[in-house]
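Residues per chain, in single letters:
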Amino acid sequence: MAQQLLTRYGVVFRETAHAENLPGGFSAIYDVMKALEESGRVRRGYFAADLGATQFAMPAAVDLLRSLRVSQQSEKQEMLQLAATDPANPYGALLRWPTAPDAGSSLTRSVGARVILCDGALVAYLRRGNPNVQVFLPEEEPQRSQVARSLAEFLVGRVRDDEDASGRGGMLIASVNGVAVAEHWMARFLLDAGFASGAMGFNVRRGLPPLPGARGEVRANA
């Protein structure tokens, strides 16, 4: 069990056992993890902030985390869309959801909901059939504008890639974090990326030419 968790997650802590519903919890594998550490096969430390203080990691996982921490700012951001229920989505399982930006709303791993991650951090939450997009962007500039631009381009790119067999496809955004999209500060990034203003909000339709520099990848959902 300990080896499977290390192979699957790279870093194992108390929340990992909880997410996996491990019988006996973290204590069931703690002695094994400690023995692996003493034999030099895993490392023990505090690798992920705001999670359990006792953490064990594969050496390769530690090296990867370090490389991500010192990555060059000039590198392109990785935008990734997942189903909220996808095991690869850490939010709501290993990590707590951030506070929902609009009052009276909550984030859940519900069927049909999607999350968009930027370099592993949650930047958007989309509910199925709901034109309100919830975004979580850095507070400081220029990172805030850079991520907002990348997110807008990614959304347009997903519309193009998600066209069905009949050629139909599109996306409507009526509000962002509970604010009418035309009044939200992110409106200019959405318009620049290819969204058009309409009576119900901003929309983007199929058949758009590729955006220069637009990027993104999507994980296939079973």
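Above this note sits the structure.
Residues numbered from 1 in each chain as written. Predicted model: local features only at pLDDT ≥ 70, side-chain atom pairs only at ≥ 80, totals over all residues. Heavy atoms only, no water.

K.L.:
Hey, could you run me through the overall build of the protein in this one?
P.N.:
Regarding its fold elements, the protein presents six helices and 13 strands. Within the protein, residue pairs in contact and separated by at least 24 positions form 60% of the contacts whose partners lie at least 6 positions apart. Surface accessibility of the protein: about 12,900 Å² in total, with carbon and sulfur atoms responsible for 50%. (Helix = DSSP H or I, 4+ residues; strand = E, 2+ residues; numbered from the N terminus. Contact = heavy atoms within 4.5 Å. Areas by Shrake-Rupley, 256 points an atom, 1.4 Å probe, with all protein chains shown as cover.)

K.L.:
Honestly, a nonpolar patch on the surface in this entry has me stumped. Any pointers?
P.N.:
Taken together, Leu64, Leu65 and Leu68 make up a surface patch of nonpolar side chains, about 280 Å² in accessible area. The exposed category is assigned to leucine 68, whose relative accessible area is 54%. (Patch = residues over 30% accessible without salt bridge, like charges linked within 9 Å, V, L, I, M, F, W, Y side chains within 5 Å. Salt bridge = Lys/Arg side-chain N within 4 Å of Asp/Glu carboxyl O. Buried < 20%, exposed > 50% of the residue type's maximum accessible area, 1.4 Å probe, protein only.)

K.L.:
Teacher, can you tell me more about the pattern of salt bridges here?
P.N.:
Should their charged atoms come close, side chains of opposite charge can pair. Evaluated as defined, the whole model comprises two salt bridges. Taking the shortest distance from any N to any O, the salt bridge between arginine 8 and glutamate 20 comes out at 2.8 Å. With arginine 8 in helix H1 (residues 2-9) and glutamate 20 in the loop between helix H2 (14-19) and helix H3 (27-38), this residue pair connects regions lying 12 residues apart in the sequence. Residue classification places arginine 8 among the exposed positions, given a relative accessible area of 51%.

K.L.:
Would you mind going over unusual backbone geometry with me for this structure?
P.N.:
A negative phi angle characterises most non-glycine residues, just as the trans form characterises most peptide bonds. With omega at 5°, the peptide bond leading from glutamate 141 into proline 142 counts as cis. Tracing the backbone through its elements, the reader meets proline 142 in the loop between strand S7 (132-135) and helix H5 (143-161). Its identity is not glycine, yet asparagine 21 carries a phi of approximately 55°, on the positive side. You can see asparagine 21 is positioned in the loop between H2 and H3. Looking at asparagine 21, the relative accessible area reads 63%, which means it is exposed. Notably, aspartate 50 is not glycine yet its phi reads approximately 65°, a positive angle. Within the fold, aspartate 50 resides in the loop between strand S2 (43-45) and strand S3 (55-57).

K.L.:
Could you clarify how one ought to interpret the sheet that holds strand S8 (residues 170-173) in this entry?
P.N.:
Sheet strands pair by backbone hydrogen bonding; their relative direction is either parallel or antiparallel. Spatially, three strands are ordered S8-S12-S11 in an open sheet, and the strand pairing comes out antiparallel. Looking at strand neighbours, the two that pair on one side only are S8 and strand S11 (196-198), the edges of this open sheet. Taken pair by pair, the neighbouring strands of this sheet meet at an average axis angle of 30°, ignoring direction. Its contacts with the sheet place H5 against S8 and strand S12 (201-205), and it is angled at close to 145° to S8. (Pairing = 2+ DSSP bridges. Axes fitted to C-alpha atoms, helices over the stretch in contact; angles between N-to-C directions.)

K.L.:
How do you make sense of the packing of H1 against H3 when you look at a structure like this?
P.N.:
When two helices pack together, you describe them by how their axes are tilted relative to each other and by the distance separating the axes. Between H1 and H3, the shortest axis-to-axis distance is 9 Å and the interhelical angle comes to 70°. What the angle tells us is that H1 and H3 run roughly perpendicular. Between H1 and H3, the contacting residues are Ala2, Leu5 and Leu6 on the first element and Ile29, Val32, Met33 and Leu36 on the second. Among the residues forming the contact of H1 with H3, the class breakdown is seven nonpolar, no polar and no charged. (Parallel < 35°, antiparallel > 145°, perpendicular 65-115°, else oblique. Nonpolar A, V, L, I, M, F, W, Y, C, P; charged D, E, K, R; others polar.)

K.L.:
What's the story with the environment of arginine 66 in this structure? I'm lost.
P.N.:
Along the chain, arginine 66 turns up in helix H4 (residues 59-69). C-alpha of arginine 66 to C-alpha of phenylalanine 47: the two residues are 19 residues apart in sequence and 9.5 Å apart in space.

K.L.:
Quick question: what am I supposed to make of the nonpolar core here?
P.N.:
The tendency in soluble globular proteins is for nonpolar side chains to be buried as a group. Judged by nonpolar contacts, the single largest core of 29 residues is most densely connected at Ile116, Leu151, Leu155, Met171, Ile173, Leu190 and Phe195. Sorting the residues of this core by element identifies strand S5 (114-118), strand S6 (121-126), S7, H5, S8, helix H6 (187-193) and S12 as the ones contributing at least two each. The dominant element in this core, judged by the number of residues it contributes, is H5, at eight residues. If we ignore the near neighbours within four places in the chain, the residues touching methionine 171 are Leu126, Val133, Leu155, Val159, Phe195, Phe202, Asn203 and Val204. (Core = buried A, V, L, I, M, F, W, Y, C linked by side-chain atoms within 4.5 Å.)

K.L.:
What's the story with the side chain of glutamine 55 in this structure? I'm lost.
P.N.:
Of note, glutamine 55 is situated in strand S3. You can call glutamine 55 buried: its relative accessible area is 0%. Engagement of the side chain of glutamine 55 in a polar contact is seen with the backbone nitrogen of phenylalanine 47, the distance being 2.8 Å. Among the polar contacts listed, one links the side chain of glutamine 55 to the backbone oxygen of glycine 52, at a separation of 2.7 Å. Setting aside its immediate chain neighbours within four residues, glutamine 55 contacts Val11, Val12, Phe13, Arg43, Arg44, Gly45, Tyr46, Phe47 and Ala48. (Polar contact = N/O pair within 3.5 Å; in protein donor to acceptor, adjacent residues only side chain to side chain.)

Spatial relationships are all this shows, so hold off on functional conclusions.
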